Amino acid sequence: MTKRVLSGNAAIARGAYEAGIGVVSSYPGTPSSEITDNIKYFDEIYSEWATNEKVAMEVTIGSSLAGTRSMTCMKHVGLNVASDPLMTLSYTGVNAGLVVVVADDPNMFSSQNEQDSRHYARFAKIPMLEPADSSEAKYFVQKAMEISEKYSTPVLLRSVTRLSHSMSVVELGSRKETERKELEVNIPKWVMVPANARKRHYFVEDRLEQIQSDLNHNLSDFIHEEINNTDIGIVSSGIAYQYVKEALPKASVLKLDMVYPLALDGIKKFAGKVKKLFVVEELDPFIENELKAHGINVENLNRSLMGELSVERLNDIFSEKGYVSRNYKPLYSDINDKLPQRPPNMCPGCSHRGIFHAINKLKLFAAGDIGCYTLGLLPPLSAMHSTICMGASVSMAHGIDKGSNGEYARKSVAVIGDSTFLHTGINGLINSFYNSGTSTVIILDNRITGMTGHQPNPATGLSIKGSPAPQVNIEVLCRGMGISHVKVVDPFNVEECLNTLKEETAREELSVIITNRPCIFADKSVISSPYYILEDKCTGCKACVRLGCPAILWDSEKRLAFIDETLCTGCGLCPKVCKFEAIKKRGE
Ligand code: SF4
Ligand code: SF4
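Q: Would you mind showing me how to read a nonpolar patch on the surface here?
A: Together, Leu183, Val185, Ile187, Val191 and Val193 line one region of the surface with nonpolar side chains, adding up to about 460 Å² of accessible area. One can find Val193 in the loop between helix H8 (187-190) and helix H9 (194-217).

Put into structure tokens, the structure is as follows:
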């Protein structure tokens, strides 16, 4: 029996392998990216990075229809993008099993909102499982697959950052190959015209009732009761269950594997065994409200709905109620003091820095987007003024144009990365073109999906496995739409960036500027010998410091800039802003 220590994400990938899944299509998004990044190593599974989550889900609906067990993985905001097919997939049901993995990000470590995806289970009327550790993460893929095929339903498998990225022991099993089913040709089931969809709505309601009833008859498969001190009973699930076990080791606990629908009969029985019943969950009171709606008496926890739950927070809450003493001290409470501080910043040599410097210099309003370049909002670059969701920059810039009768279009730009452009930005650009927009759209083509871990995208020229793949040419794509003004600039050529920006924002027509430098992680050959600063030439004007490169530091005693040569990638941007020729390349 082989055991491994795996992250929650690696365990889900292993679960897909063991469950005999044959197709996985996903779009990367923290904290879910490493699931598919791990799946790509299993030759038995066809895997791909799709252009966005909606496409990924539709691919897996197709592969399920074709008879192959399938899975799609995304972060919580990705599920918003994929919610259109999901809502109707609930009606059609599946042919071979289909699992939708969604990873939420409480505390927003790398997200634009903190939504609780459990609501999607109720919204779409489909089951959702929530594992509490890596072992369950692996096992629940198999469990989700069985539920999916038994009830003809997509099944949501919910993770959170803490589960996806923490590691625990997993027992490895072998792959259960399943025979591919026949392609399902069933018009009333799969063609959701109103006449068919009306009938399928009955199916959805009946299915939910059936799952609920079966849950109550097979309680031990879905709930785990631990009776200890009966003064308080805690209902919990997922990672919150782990916090409960640590903060309240003597409490009676009911752990739920399935968070929608709920095993109400079992929960009612548990409630009858304890004096006071609490629900411990992260973010929204999803389970708590559900129990209250079914007449189960749940005590009010008075917890914040914001941020991550923790053992410390639970200790605070329950010590105030007198159930435990206020004595919890995390094992590594001083870890933050010991770790080197690493504030968020774009990397040394980042290809986005030059164009952001130009945007800042021209004091343009930048409608931004989602990616590592969102860090351009930070001082000293301060070159991003809005960020809503994937692809929004382009359509918002169009709105700024139309909402100001063109006035603000002369003072603003949209800024979007290559992967985000191909994700959903492209629709906004088609809209601007069609509706005679006059905005300026900057596409930062660094040929990689940087923020999520350098996954390839259709503009990279590589497949998920790193082999050569067809490459979308963004310049040709934009010209093919019919846009006349498409310019490609070198983001490290500051003069070119400034001049192009002035020219294109002044133009009362739609224009696209594409920056063409690869991410230093996508093409390490661009890294060269470092630069250094000549003390006798540096005047301390700070022009280089204002680039915000982590390799450029300020000596407050000497009042001069200096370069940390161990960080410098030799990108050559800073000498272009130094008027005093104080910055030189080693070896030249
Ligand atoms: S831009 Fe040149 S002169 Fe100004 S601080 Fe930097 S190195 Fe010194
Ligand atoms: S050349 Fe200048 S801007 Fe580029 S990485 Fe080195 S210090 Fe930073």
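Q: What should I look at first to understand the nonpolar core in this one?
A: The nonpolar side chains of a soluble globular protein tend to be buried, and buried together. Counting 72 residues, the largest nonpolar core has Met71, Leu79, Leu129, Leu156, Val235, Ile287 and Leu291 as the members making the most contacts within it. Ranked by residues supplied to this core, first place goes to helix H6 (residues 134-151) with seven residues. For Leu156, the residues in contact, after removing those within four places along its chain, are Leu79, Val100, Val102, Tyr120, Ala121, Ile126, Pro127, Met128 and Leu129.

Q: Explain the site of ligand 1 to me, please; I cannot follow it from the model alone.
A: Around ligand 1, 13 residues are found, and the nearest of them are Cys538, Cys541, Lys542, Cys544 and Cys578. Here the residues of the shell around ligand 1 are counted per class, giving 10 nonpolar, two polar and one charged.

Q: Would you take a moment to explain the pattern of salt bridges for this structure?
A: Any two side chains of opposite charge can pair if their charged atoms end up close together. Within this structure, the stated rule accounts for 33 salt bridges. Residue Glu58 is joined to Lys54 by a salt bridge in which the shortest nitrogen-to-oxygen separation is 2.7 Å. Highlighted residues: Glu58 and Lys54, both in helix H3 (residues 53-65), separated by four residues, approximately one helical turn. For Arg517, the salt bridge identified is with Asp490, shortest N-O distance 2.8 Å. Placement of the pair is Arg517 in the loop between strand E18 (511-515) and strand E19 (531-533) and Asp490 in the loop between strand E17 (485-489) and helix H20 (494-506), with a sequence separation of 27 residues. A relative accessible area of 27% means that Arg517 is categorised as partly exposed. With relative accessibility at 22%, the residue Asp490 sits in the partly exposed group. Each member of the salt-bridge network shares a partner with another, and the members are Asp104, Asp116, Arg118, Glu130, Arg158 and Glu281.

Q: Teacher, can you tell me more about the site of ligand 2 here?
A: Close to ligand 2 lie Gly349, Tyr531, Cys549, Ala551, Ile552, Ile563, Cys568, Thr569, Cys571, Gly572 and Cys574, which account for all nearby residues. Classifying every residue of the shell around ligand 2 gives eight nonpolar, three polar and no charged.

Q: What is the right way to look at a positive patch on the surface in this model?
A: On the surface, Lys361, Lys502, Lys542, Arg546, Arg559 and Lys579 cluster together into a patch of positive charge. Its place among the elements puts Arg559 in the loop between strand E20 (552-555) and strand E21 (560-563).

Q: When you look at the sheet that holds strand E2 (residues 23-26) in this model, what are you seeing that I'm missing?
A: Strands in a sheet are paired, the pairing made by backbone hydrogen bonds, and the direction either parallel or antiparallel. Read from one edge to the other, the open sheet built from seven strands follows the order E3-E2-E4-E5-E7-E6-E12, with strand pairing classed as mixed. Of all strands in the sheet, those with a lone pairing partner are strand E3 (46-49) and strand E12 (258-260), marking the two edges. Note: E2 against strand E4 (residues 70-75), two bridges, orientation parallel. Across the sheet, residue Val23 finds its bridge partner in E4, namely Ser70. Sitting on the sheet, H3 is in contact with E2, E3, E4 and strand E5 (98-104), with an inclination near 165 degrees to E4.

Q: Please clarify how the packing of helix H11 (residues 238-247) against helix H14 (residues 311-320) should be interpreted in this entry.
A: To characterise two packed helices, one gives the angle between the axes of the helices and the distance between these axes. Orientation of H11 relative to H14, taken along the N-to-C sense of each, is 55 degrees, at an axis distance of 9 Å. Regarding the angle of H11 to H14, the classification is oblique. The interaxial crossing formed by H11 with H14 has right-handed handedness. Across the interface between the two elements, Tyr243, Val244, Glu246 and Ala247 from H11 touch Val311, Leu314 and Asn315 from H14. A breakdown of the residues in the contact of H11 with H14 according to their chemical character gives five nonpolar, one polar and one charged.

Q: Honestly, the side chain of Ser148 in this entry has me stumped. Any pointers?
A: Along the chain, the position of Ser148 falls in helix H6. Residue classification places Ser148 among the buried residues on the basis of a relative accessible area of 0%. Residues in contact with Ser148, not counting those within four places in the same chain, are Val94, Gly97, Leu98, Thr153, Pro154 and Val155.

Q: Just to check I follow, could you spell out the sheet that holds E18 for this structure?
A: Taking strand neighbours across the sheet as the criterion, the five strands line up as E14-E15-E16-E18-E17 in an open arrangement whose pairing is parallel. Strands with a single pairing partner mark the edges of an open sheet, and in this sheet they are strand E14 (365-367) and E17. Across the sheet, the mean angle from the axis of one strand to that of its neighbour is 25 degrees, orientation sign disregarded. Two elements, strand E16 (residues 440-444) and E18, share five bridges in a ladder whose sense is parallel. Counterpart to Thr440 in the pairing with E18 is Ser511. On top of the sheet, helix H18 (residues 418-434) reaches strand E15 (412-417), E16 and E18; it is set at about 135 degrees to E15, its chief contact. Across the sheet, H20 is in contact with E15, E16, E17 and E18; its angle to E17 comes to roughly 170 degrees.

Q: Would you mind showing me how to read the pairing of strand E11 (residues 251-256) here?
A: Put simply, side chains in a regular strand alternate between the two faces of the sheet. Counting buried residues along E11, six of its six residues qualify, which places the element largely inside the surrounding structure. Going residue by residue along E11, you find Ala251, Val253 and Lys255 tucked away on one face and Ser252, Leu254 and Leu256 tucked away on the opposite face as well. In terms of strand pairing, strand E9 (residues 223-226) meets E11 through four bridges, oriented antiparallel. Looking at the pairing, Ile223 lines up with Leu256 of E11. Of the strand pairs in this sheet, strand E10 (residues 229-237) and E11 are connected by six bridges, and their pairing is parallel.

Q: For this particular structure, what's the right way to read unusual backbone geometry?
A: Note: most peptide bonds trans; most residues except glycine with negative phi. Residue Tyr260 is joined to Pro261 through a cis peptide bond whose omega torsion reads -15 degrees. Pro379 connects to Pro380 through a cis peptide bond whose omega is 10 degrees. Mapped onto the secondary structure, Pro380 falls in the loop between E14 and helix H17 (392-403). Positive phi is not limited to glycine here, since Met108 has a value of about 50 degrees. Here Met108 shows up in the loop between E5 and helix H5 (118-124).

Q: Whenever I open this one, the environment of Glu535 confuses me. Can you help?
A: With respect to the helices and strands, the residue Glu535 is situated in the loop between E19 and E20. Linking Glu535 and Gly450, residues 85 residues apart in sequence, is a C-alpha distance of 35 Å. When neighbours within four sequence positions are excluded, Glu535 is seen to be in contact with Lys558 and Leu560.

Q: Whenever I open this one, the environment of Val141 confuses me. Can you help?
A: Checked against the element boundaries, Val141 lands in helix H6. Residue class for Val141 comes out buried when judged on its relative accessible area of 0%. Residues Val141 and Ala11, spaced 130 residues apart in sequence, show a C-alpha to C-alpha distance of 9.3 Å. Excluding its chain neighbours within four sequence positions, the residues that come into contact with Val141 are Ile12, Gly15, Ala16, Ala19, Ile21, Met71, Val99 and Leu157.

Q: For this particular structure, what's the right way to read H17?
A: In an α-helix there are 3.6 residues to a turn, and that puts residues three or four apart on one side. The terminal C-alpha atoms of H17, which comprises 12 residues, lie 16 Å apart, in line with the 16 Å expected from a rise of 1.5 Å per residue. Among the residues of H17, Ala392, Ser393, Val394, Ala397, His398 and Asp401 are the ones counted as buried. Along its buried surface, H17 packs onto E14, E15, H18 and E16.

Quick notes on the rules
- Residues numbered from 1 in each chain as written.
- Chains lettered and ligands numbered in written order.
- Predicted model: local features only at pLDDT ≥ 70, side-chain atom pairs only at ≥ 80, totals over all residues.
- Heavy atoms only, no water.
- Patch = residues over 30% accessible without salt bridge, like charges linked within 9 Å, V, L, I, M, F, W, Y side chains within 5 Å.
- Areas by Shrake-Rupley, 256 points an atom, 1.4 Å probe, with all protein chains shown as cover.
- Salt bridge = Lys/Arg side-chain N within 4 Å of Asp/Glu carboxyl O.
- Helix = DSSP H or I, 4+ residues; strand = E, 2+ residues; numbered from the N terminus.
- Core = buried A, V, L, I, M, F, W, Y, C linked by side-chain atoms within 4.5 Å.
- Buried < 20%, exposed > 50% of the residue type's maximum accessible area, 1.4 Å probe, protein only.
- Contact = heavy atoms within 4.5 Å.
- Near = heavy atom within 4 Å.
- Nonpolar A, V, L, I, M, F, W, Y, C, P; charged D, E, K, R; others polar.
- Lys, Arg positive; Asp, Glu negative; His and termini not counted.
- Charge placed at Lys NZ, Arg CZ, Asp CG, Glu CD.
- Pairing = 2+ DSSP bridges.
- Axes fitted to C-alpha atoms, helices over the stretch in contact; angles between N-to-C directions.
- Parallel < 35°, antiparallel > 145°, perpendicular 65-115°, else oblique.
- Left-handed = near helix turned anticlockwise from the far one by under 90°.
- Expected span 1.5 Å × (residues − 1).

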